[in-house]
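Structural characterization, general
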Amino acid sequence: MITDVPGVLVGHHERVGDGWATGTTVVLVPDGAVGAVDQRGGAPGTRETNLLEPENLVQRVNAVCLSGGSAYGLAAADGVMRWLAERNLGFPVGAQPHEVVPIVPAAVLFDLPRSEWGNRPDASFGYAACEAASESFASGTVGAGAGAAVGSLKGGIGSASEVVGEFTVGAIAAVNAAGEAVDLSTGRAFAADHGDFGVTWPSRAADLPSRRTDLNTTIGVVAVDAALSKAEARRIAVAAQDGLARAVRPAHTMFDGDTVFALATGAHELPDASGPFGAAARPAALDALCSAAARVFARAMVHGLLAATTAGGVPAYRDVWPEAFGQPG
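Residues numbered from 1 in each chain as written. Predicted model: local features only at pLDDT ≥ 70, side-chain atom pairs only at ≥ 80, totals over all residues. Heavy atoms only, no water.

An unreviewed UniProt entry annotates the protein chain as Possible amide hydrolase Rv1333 originating from Amycolatopsis camponoti.

Right, here's the structure in full:
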């Protein structure tokens, strides 16, 4: 999971049932991390992303807030800021320990049709997600994935990680795309070849009702325990978008605002030019991390699909193809 990267914590808060199917997920880095972002598609909903540009002042972020609720859900980041400020975590702007501004980039996905109108995350969701943050967290219909949908099926939160030499790369994704994540004629996930997902992929078509998917957006975070610049961290986020494109078809449409953040905690240095490979050593090491970022983000998306449960009137993969999990079809 993304929390296999030391120093990264994840917390969820959601409401499902009684007219609700939405929530918020927070990726906390209490010690801070170099942050970057890559945004694609035509319908983004974001906050504090300009400060992540390499030329801008702030280098490190304290958390990333992922939320349902469309643009309304950006309010969840206010609660994350309050939680961090209470602990004196943020960008110092004064002489006293409490004089800080927490740096909390955020992105939202569109899940409004899954809840009664007016039921959407606010600051209390972000605060509660921080309170729940730990190295262990649930996947599926939780947090920002509570009301998510991917094509004809229920989406959700998924996570994955991979070790690359001395580095660990992890990802978390809230899977909510206009495109499909599954070949509906067979039931096989498009990114099935990216790992062992503990299922037996079926080989039959499903009779699914058509679902209008006008507005969507997959959002997520890739974390790595490498010491990177903001520009290098952005290459990680760019590569992770390739993983997204492997997992859904089509990706990055005019109706998706796909946004991936990157966090570099700085625990391990990349090789420098003094080694046997000279000037090529650092970019080669970064390239290996980028390749891993694409793989783990694709796997995280498949895990989010498989872990989701039916909610908000959208059928889950496990209910459409139960035989994949060893249940009667």
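**Here's the deal with the overall build of the protein chain**
Going by this rule: Strands here mean DSSP runs of E at least two residues long; helices mean DSSP runs of H or I at least four residues long; both are numbered from the N terminus. Each residue is placed in one exposure class: buried if its accessible area under a 1.4 Å probe, protein chains only, is under 20% of its type's maximum, exposed if it is over 50%, and partly exposed if it falls in between. A 1.4 Å probe and the Shrake-Rupley method give the accessible areas. Residues count as covered only by the protein chains that appear here.
Within the protein chain, the secondary structure is distributed over five helices and 15 strands. Seen through its C-alpha atoms, the protein chain measures out along the principal axes to roughly 60 × 50 × 35 Å. When each of the 329 residues of the protein chain is scored for burial, the buried share is 57%. A total accessible area of about 12700 Å² is found for the protein chain, and carbon and sulfur atoms account for 52% of it.

**Re the packing of aromatic side chains**
Rules: Stacked, edge-to-face and tilted labels apply to pairs of Phe, Tyr and Trp rings (six-membered ring for Trp) whose centres lie within 6.5 Å, assigned for plane angles under 30 degrees, over 60, and everything in between, in that order. Throughout this description, the term charge over a ring refers to an Arg CZ or Lys NZ atom that lies within 6 Å of the ring centre and within 35 degrees of the ring normal.
Summed over the entire model, instances satisfying the criterion amount to six aromatic pairs. Taken together through their ring pairs, the aromatic side chains of F197, W201, Y317, W321 and F325 make up a single cluster. The ring of Y127 is capped by R82, whose NZ or CZ atom sits 4.0 Å from the centre of that ring. Looking at R318, its charged tip hangs above the ring of F325, at a distance of 4.5 Å from the centre.

**Notes on the packing of helix α3 (residues 230–247) against helix α4 (residues 281–307)**
For clarity, the cut-off: Interaxial angle, 0 to 180 degrees, is taken between N-to-C directions of lines fitted to C-alpha atoms, where a helix line uses only the stretch in contact. Throughout, a crossing is termed right-handed when the near helix is turned clockwise from the far one, and left-handed when it is turned anticlockwise from it by less than a right angle. The contact rule is simple, with two residues in contact once any of their heavy atoms fall within 4.5 Å. Gly falls in the polar group here, along with every residue not listed as nonpolar (Ala, Val, Leu, Ile, Met, Phe, Trp, Tyr, Cys, Pro) or charged (Asp, Glu, Lys, Arg).
One can describe the packing of α3 onto α4 by two numbers: an axis separation of 7 Å at closest approach and a directional angle of 35°. For the pair α3 and α4, the crossing hand works out as right-handed. Contact with α3, carried on its side by E232, R235, I236, A239, A240, D242, G243, L244, R246 and A247, involves R282, L286, L289, C290, A293, A294, R295, F297, A298 and M301 of α4 and no other residues of that element. For the contact of α3 with α4, the residue count by class is 13 nonpolar, one polar and six charged.

**Observations regarding empty space enclosed by the protein**
The criterion, for reference: Of the two site types, the cavity is a set of points on a 1 Å grid over the protein atoms alone where a 1.4 Å probe fits but cannot get out, and the pocket is an open set with protein on both sides within 12 Å along at least five of seven lines, each lined by residues with an atom within 4 Å of a point. Grid points are joined across faces, edges and corners, and a volume is the space filled by probe spheres set on the points.
The final tally for this structure, using the stated rule, is one cavity of 30 Å³ or more. Approximately 30 Å³ is the volume found for the largest cavity. Every residue lining the largest cavity is listed: A181, A189, F190, A191, A247, M301, V302 and L305. If you tally residues by element for the lining of the largest cavity, the top one is α4, at three residues. Partitioning the lining of the largest cavity into residue classes produces eight nonpolar, no polar and no charged.

**Quick word on the packing of helix α1 (residues 76–85) against helix α2 (residues 123–131)**
To keep things clear, this is the line we draw: If an angle is under 35 degrees, it is roughly parallel; if it is over 145, roughly antiparallel; if it lies from 65 to 115, roughly perpendicular; otherwise it is oblique.
For the pair α1 and α2, the least separation of the axes is 5 Å and the interaxial angle reads 45°. Looking at the two axes, α1 sits oblique to α2. In terms of crossing hand, the pair formed by α1 and α2 is right-handed. Along its contact with α1, which presents A76, D78, G79, V80, R82 and W83, the element α2 presents A123, G126, Y127, C130 and E131. When its residues are assigned to classes, the contact of α1 with α2 shows six nonpolar, two polar and three charged.

**Description of the nonpolar core**
Our working rule: Residues grouped as a nonpolar core are buried Ala, Val, Leu, Ile, Met, Phe, Trp, Tyr and Cys residues, joined through side-chain atoms within 4.5 Å.
Of all hydrophobic cores here, the largest spans 56 residues; its most connected members are V169, W201, V222, I236, L289, F297 and Y317. At the level of elements, β2 (20–39), β10 (157–164), β11 (167–174), β14 (219–227), α3, β15 (259–269), α4 and α5 (317–320) are the ones that each hand at least two residues to this core. Take this core: its biggest share by element is 14 residues, from α4. Ignoring sequence-local partners within four residues, the contact set of W201 consists of G187, R188, A189, A192, V302, L306 and Y317. V27, A107, A174 and A223 belong to the second-largest nonpolar core, a separate cluster that totals 28 residues.

**Overview of unusual backbone geometry**
Omega for the bond connecting R249 with P250 falls within 30 degrees of zero, at -10°, which places this linkage in the cis form. Positive phi is not limited to glycine here, since S70 has a value of about 55°. Here S70 lies in the loop between β4 (60–67) and α1.

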